[in-house]
Amino acid sequence: MKLTDFKVLTFDCYGTLIDWETGMTDALKGLVAISGKTLTRDQILEAHARHEAAQEAETPSKPYRDLLPLVYLLLSKEWGVAPDAEAARVYGLSVKDWPAFIDSAAALQYLKKYYKLVILSNVDRESFKASNAKLEVEFDFVYTAQDIGSYKPDLRNFDYMIEKLSKEGYKKSDILHTAESLFHDHLPANKVGLASAWIHRRDGKEGHGATHPPETMPSYDYHFTSMAEMAKAHQEALREK
């Protein structure tokens, strides 16, 4: 299918539209400093990804802003820092400060003219409000882990979204799932039969950063290194019609 054949773009938010890696590392600077360790950005992110994925699997009904403090305490333990409940609580609220990628808002505003825009995110509703303001677009539907009671890559999240969109008149073939994370998004999209576009924000970097490595390499239908590149590809597809 061509980009212009889809009717709905469903988005992961964090890592795809919001620069969560910068947000996380900025919010964890104090903890790293206290630890006295010399950690690279990717070492911080990879440790976070490991603990976050495990915690999401263990406590799937816990809202993200309440789950992040647990991740913070696990990082503290790993890095030899005494637990600080208040610092952990503050970290849980840091999502509101995580910046949008510089191209996200403009690309979304352009794509909004041609598609229904949908969020499928592991975040909680309250945290997403602040991120949504940075993205400067009104999403047609927002489905969060808090709504569903589980975290991606659980297939429940994708089944929930597909069912909700089917009630709005959209088939699977109308949907293009758009995301950075191979682990959280593309592998489960493969399993439920959704087409997907990889927004490869870490293009040219080693490893998977803040996302847990996928068990196997998933397939994807489109590959872009930014949202701006995706918008440009859509413009080109329109010209070819």
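Residues numbered from 1 in each chain as written. Predicted model: local features only at pLDDT ≥ 70, side-chain atom pairs only at ≥ 80, totals over all residues. Heavy atoms only, no water.

A. Structural detail: helix α5 (residues 85-92). Taken together, the buried positions of α5 are occupied by Ala88, Tyr91 and Gly92. Looking down the long axis of α5, one finds its buried residues gathered within 100° of arc, a one-sided arrangement. The distance from a side-chain oxygen at the start of α5 to the backbone nitrogen of Glu86 is 3.2 Å, and the residue carrying that oxygen is Asp84. (Buried < 20%, exposed > 50% of the residue type's maximum accessible area, 1.4 Å probe, protein only. Helix = DSSP H or I, 4+ residues; strand = E, 2+ residues; numbered from the N terminus. Arc of directions from axis to C-beta. Polar contact = N/O pair within 3.5 Å; in protein donor to acceptor, adjacent residues only side chain to side chain.)

B. Inspection of the side chain of His186 at higher detail. Within the element layout of this structure, His186 appears in helix α10 (residues 182-192). On the basis of relative accessibility, which here comes to 0%, the residue His186 falls in the buried class. The residues touching His186, leaving out its near neighbours within four places in the chain, are Ala179, Glu180, Ser181, Ser196, Ala197, Trp198, Pro218, Ser219 and Tyr220. (Contact = heavy atoms within 4.5 Å.)

C. Just the sheet that holds strand β6 (residues 222-224), in detail. In space, the six strands of this open sheet follow the order β3-β2-β1-β4-β5-β6, with parallel pairing throughout. Both edges of this open sheet fall to β3 (141-144) and β6, since each of them pairs with a single strand only. The average angle at which neighbouring strand axes cross in this sheet is 20°, direction not considered. Where strand β4 (residues 175-179) meets strand β5 (residues 195-199), four bridges bridge the pair, whose relative direction is parallel. Its bridge partner lying in β5, Ala179 is registered against Trp198. Sheet contacts for helix α9 (residues 155-167): β1 (8-11), β2 (116-121), β3 and β4; angle to β3, the most-contacted strand, approximately 155°. (Pairing = 2+ DSSP bridges. Axes fitted to C-alpha atoms, helices over the stretch in contact; angles between N-to-C directions.)

D. Focus on the packing of aromatic side chains. For the structure shown, the criterion picks out nine aromatic pairs. When the ring of Tyr72 is compared with that of Tyr91, the centres are 5.6 Å apart and the planes differ by 40°; the resulting orientation is tilted. Taken together, the positions of Tyr72 in helix α4 (residues 64-78) and Tyr91 in helix α5 put the pair 19 residues apart, joining distant regions of the chain. Relative accessible area serves as the criterion here: at 7%, Tyr72 is assigned to the buried category. Ring geometry for Tyr110 and Tyr114: centres 5.2 Å apart, planes at 50°, overall tilted. With a relative accessible area of 39%, Tyr114 lands in the partly exposed category. (Phe/Tyr/Trp six-rings, centres within 6.5 Å; stacked < 30°, edge-to-face > 60°.)

E. Summary view of the pairing of β5. When you tally the buried positions in β5, you get five out of five residues, the bulk of the element. Because side chains alternate across β5, one face comprises the buried residues Ala195, Ala197 and Ile199, and the other comprises Ser196 and Trp198, equally buried. Once the chain exits β4 it traverses α10 before rejoining the sheet at β5, and the crossover so formed is right-handed. (Right-handed = clockwise from strand over helix to strand, strands pointing away.)

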